[in-house]
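Listed below are the residues making up each chain.
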Amino acid sequence: MKTLAFHFIVYLFIYFALLYDTFCTIDINLSQLEYLAARLDPFECRRLIAALHYTSYELPMNLAAAERTVEEDIPCIRQLVHWNSSPEEGLGQSHEVLVHRLRQLGRNDLADWLGKSTFKQLGMDMERIMDRPFDKLGEQETETSYPLTIDPIESPENDDFWSQLNIILLAIMLGLMGTLLTLIGYIIFYIIKVRLRRKKYRKMKQEADIDKPCE
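Residues numbered from 1 in each chain as written. Predicted model: local features only at pLDDT ≥ 70, side-chain atom pairs only at ≥ 80, totals over all residues. Heavy atoms only, no water.

Participant: Please clarify how the overall build of the protein should be interpreted in this entry.
Facilitator: When helices and strands are tallied, the protein shows eight helices and zero strands. The burial tally for the protein puts 24% of its 215 residues in the buried class. Across the protein, the fraction of contacts at a sequence separation of at least 24, relative to all contacts at a separation of at least 6, is 72%. Only carbon and sulfur atoms are counted for the fraction: they give 61% of the accessible area of the protein, which is about 17,100 Å². (Helix = DSSP H or I, 4+ residues; strand = E, 2+ residues; numbered from the N terminus. Buried < 20%, exposed > 50% of the residue type's maximum accessible area, 1.4 Å probe, protein only. Contact = heavy atoms within 4.5 Å. Areas by Shrake-Rupley, 256 points an atom, 1.4 Å probe, with all protein chains shown as cover.)

Participant: How should the pattern of salt bridges be read in this particular structure?
Facilitator: For side chains bearing opposite charge, pairing can occur when the charged atoms are close. Within the structure shown, the criterion is met by four salt bridges. Here Glu44 ties to Arg107 by a salt bridge, and the two come within 2.9 Å at their closest N and O atoms. In this pair, Glu44 sits in helix H3 (residues 42–52) while Arg107 sits in the loop between helix H6 (95–104) and helix H7 (108–143), placing the two residues 63 residues apart along the sequence. Of the residues examined, Glu44 reaches a relative accessible area of 22% and is grouped as partly exposed. Salt-bridge contacts for Arg103 lead to Asp112; the nearest nitrogen and oxygen are separated by 2.5 Å. Linked by salt bridges that have partners in common, Glu44, Arg107 and Asp109 make up one network. (Salt bridge = Lys/Arg side-chain N within 4 Å of Asp/Glu carboxyl O.)

Participant: Got a minute to help me understand a nonpolar patch on the surface in this structure?
Facilitator: Together, Leu180, Leu181, Ile184, Ile188, Ile192 and Leu196 line one region of the surface with nonpolar side chains, adding up to about 600 Å² of accessible area. Residue placement: Leu180 occurs in helix H8 (residues 159–211). (Patch = residues over 30% accessible without salt bridge, like charges linked within 9 Å, V, L, I, M, F, W, Y side chains within 5 Å.)

Participant: Help me understand the nonpolar core, please; the structure alone is not making it clear to me.
Facilitator: Nonpolar side chains in soluble globular proteins tend to end up buried together. Ranked by size, the top nonpolar core spans 23 residues in total, and within it Leu36, Leu48, Leu80, Leu98 and Leu102 carry the most contacts. Contributions of two or more residues to this core are made by helix H2 (30–39), H3, helix H4 (63–68), helix H5 (76–85), H6 and H7. Counting residues per element, this core draws most heavily on H3, which supplies six residues. Not counting the four nearest positions on each side in its chain, Leu80 is found in contact with Leu33, Leu36, Ala37, Leu48, Ile49 and Leu52. (Core = buried A, V, L, I, M, F, W, Y, C linked by side-chain atoms within 4.5 Å.)

Participant: Hey, could you run me through the state of the cysteines in this one?
Facilitator: Where two cysteines share a covalent bond between their sulfur atoms, that bond is called a disulfide. Overall, the coordinates contain one disulfide when judged by the stated rule. The disulfide bridge from Cys45 ends at Cys76, spanning 2.0 Å between sulfur atoms. With the S-S bond torsion at 95°, the cross-link from Cys45 to Cys76 turns out right-handed. Here Cys45 is found in helix H3, whereas its partner Cys76 is found in helix H5, with 31 residues between them in sequence. Residues Cys45 and Cys76 agree in their burial class; the two are buried. (Disulfide = S-S within 2.5 Å.)

Participant: Whenever I open this one, the UniProt feature "transmembrane region" (unreviewed entry) in the protein confuses me. Can you help?
Facilitator: As annotated by UniProt and renumbered to match this structure, "transmembrane region" (unreviewed entry) occupies residues 167–192. Spanning residues 167–192, this segment combines 100% helix with 0% strand, and its end C-alpha atoms are found 38 Å apart. (UniProt positions renumbered as here; feature names shortened; annotations may be inferred.)

Participant: Would you mind showing me how to read the packing of aromatic side chains here?
Facilitator: To describe a pair of aromatic rings, you give the distance between the ring centres and the angle between the ring planes. With the rule as written, the count across this model stands at one aromatic pair. Relative to Trp113, the ring of Tyr35 has its centre 3.7 Å away and its plane inclined at 15°; by these criteria the two rings are stacked. One end of the pair, Tyr35, is in helix H2; the other, Trp113, is in helix H7, and 78 residues separate them in sequence. According to the relative accessible area criterion, Trp113 is partly exposed, its value standing at 26%. For Arg39, the ring lying beneath its charged end belongs to Tyr35, and the centroid distance is 3.6 Å. (Phe/Tyr/Trp six-rings, centres within 6.5 Å; stacked < 30°, edge-to-face > 60°. Lys NZ or Arg CZ within 6 Å of the ring centre and 35° of its normal.)

Now the structure itself:
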């Protein structure tokens, strides 16, 4: 499972890295094309070449007419190599295009083989590229010694003094905060008391004005 995941990641990396800088399909080599050409009969090869010239997902309705335009005297391997390196055809494409057409033509066996061999080859290439630098790096790390240069931190002799001073300052700060909160509470209480007294005085004055006889 880990190997398949690694191969998939390698494939994606190479696909996006080489998509716009390649002279053929990005992940199909000559040996794979030779393998396919040796296992396709002339009729299948012409149908495959004709289908590969179309960019639509489904096979075109006029595929039979397109087959007749494929020259019969040109070997299948040359046809595949030409498609593999031609602009607006296989150039810059991945093996998935060829796999898709093979499945549409009923050659699932070749499609499965091409997919597996491509992932396997990409994985082997990437492992070969990555293994050597990492091996050298591991050897360098093994041979290199790292002396300890950090001196132990010594505790000062007056730690106790500063600890006591911190406690005293903390107590003073808490006392000041308590006093401030008490003062704020008293001010709020005084304001409420004054407002209630004024309200009561106004009410009493209004009642007195009402009870006062008219002259």
